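# A structural walkthrough
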Amino acid sequence: QVQLVESGGGLVQAGGSLRLSCAASGNIFSINSMGWYRQAPGKQRELVAAITSGGSTNYADSVKGRFTISRDNAKNTVYLQMNSLKPEDTAVYYCNAAIVAEGFTYYNEYWGQGTQVTVSS
């Protein structure tokens, strides 16, 4: 059983910072890409940032220059450092990972339970 567990959400004032963490655990053989998505009330879930196993990254235009994604492959953990937060960043943030579980030969997509980020103006 593979699971993703997120932490680090909360309430912050505009201009502040938060750091999200997501740890993958269970019978993992390998992890390919890891990333963060978010979903605001009444809106579709959108990609915020993603990182490959080799460290290549991509970001949504709305967060470029403010957010930084990183990962620790030894810990099967991905991070999202969020700086200069804006009220429009308010959303539930979900961790996502493409993981090959032990005994399998293909990737499955896994999701965390979500963590709330609220930015007050």
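Owing to the predicted nature of the structure, the values given are computational and were not obtained by experimental measurement. (Residues numbered from 1 in each chain as written. Predicted model: local features only at pLDDT ≥ 70, side-chain atom pairs only at ≥ 80, totals over all residues. Heavy atoms only, no water.)

So, on to the pairing of strand E11 (residues 115-120). Where burial is concerned, the two faces of E11 differ: the one with Thr115, Val117 and Val119 is buried and the one with Gln116, Thr118 and Ser120 is not. As paired strands, strand E2 (residues 10-13) and E11 are joined by four bridges and run parallel to one another. What sits directly across from Gln13, in E11, is Ser120. As defined by bridge partners, strand E9 (residues 91-101) adjoins E11 across three bridges and the pair is classed as antiparallel. If you follow Ala91 over to E11, its bridge partner there is Val117. (Buried < 20%, exposed > 50% of the residue type's maximum accessible area, 1.4 Å probe, protein only. Helix = DSSP H or I, 4+ residues; strand = E, 2+ residues; numbered from the N terminus. Pairing = 2+ DSSP bridges.)

A few words on the environment of Ala40. Tracing the backbone through its elements, the reader meets Ala40 in the loop between strand E4 (28-39) and strand E5 (46-51). If sequence neighbours within four positions are ignored, Ala40 has contacts with Thr90 and Ala91. (Contact = heavy atoms within 4.5 Å.)

So, on to the side chain of Arg71. Inspection of the secondary structure assignment puts Arg71 in strand E7 (residues 67-72). For the buried Arg71, which has no salt bridge, the nearest side chain bearing the opposite charge is Asp72, at an N-O separation of 8.2 Å. Reaching out from Arg71, the side chain makes a polar contact with the side chain of Asn73 at a distance of 2.6 Å. With residues near it in sequence (within four places) discarded, Arg71 still touches Ile31, Asn32, Ser33, Met34, Ile51, Thr52, Ser53, Thr77, Val78 and Tyr79. (Lys, Arg positive; Asp, Glu negative; His and termini not counted. Salt bridge = Lys/Arg side-chain N within 4 Å of Asp/Glu carboxyl O. Polar contact = N/O pair within 3.5 Å; in protein donor to acceptor, adjacent residues only side chain to side chain.)

A positive phi angle, near 50°, is found at Asn76, a position not held by glycine. Relative to the helices and strands, Asn76 is located in the loop between E7 and strand E8 (77-82). Residue Asn76 is classed as partly exposed on the basis of its relative accessible area of 25%. One non-glycine residue, Ser84, adopts positive backbone phi at about 50°. Along the polypeptide, Ser84 turns up in the loop between E8 and E9.

Purely geometric stuff here, so don't read any function into it on its own.
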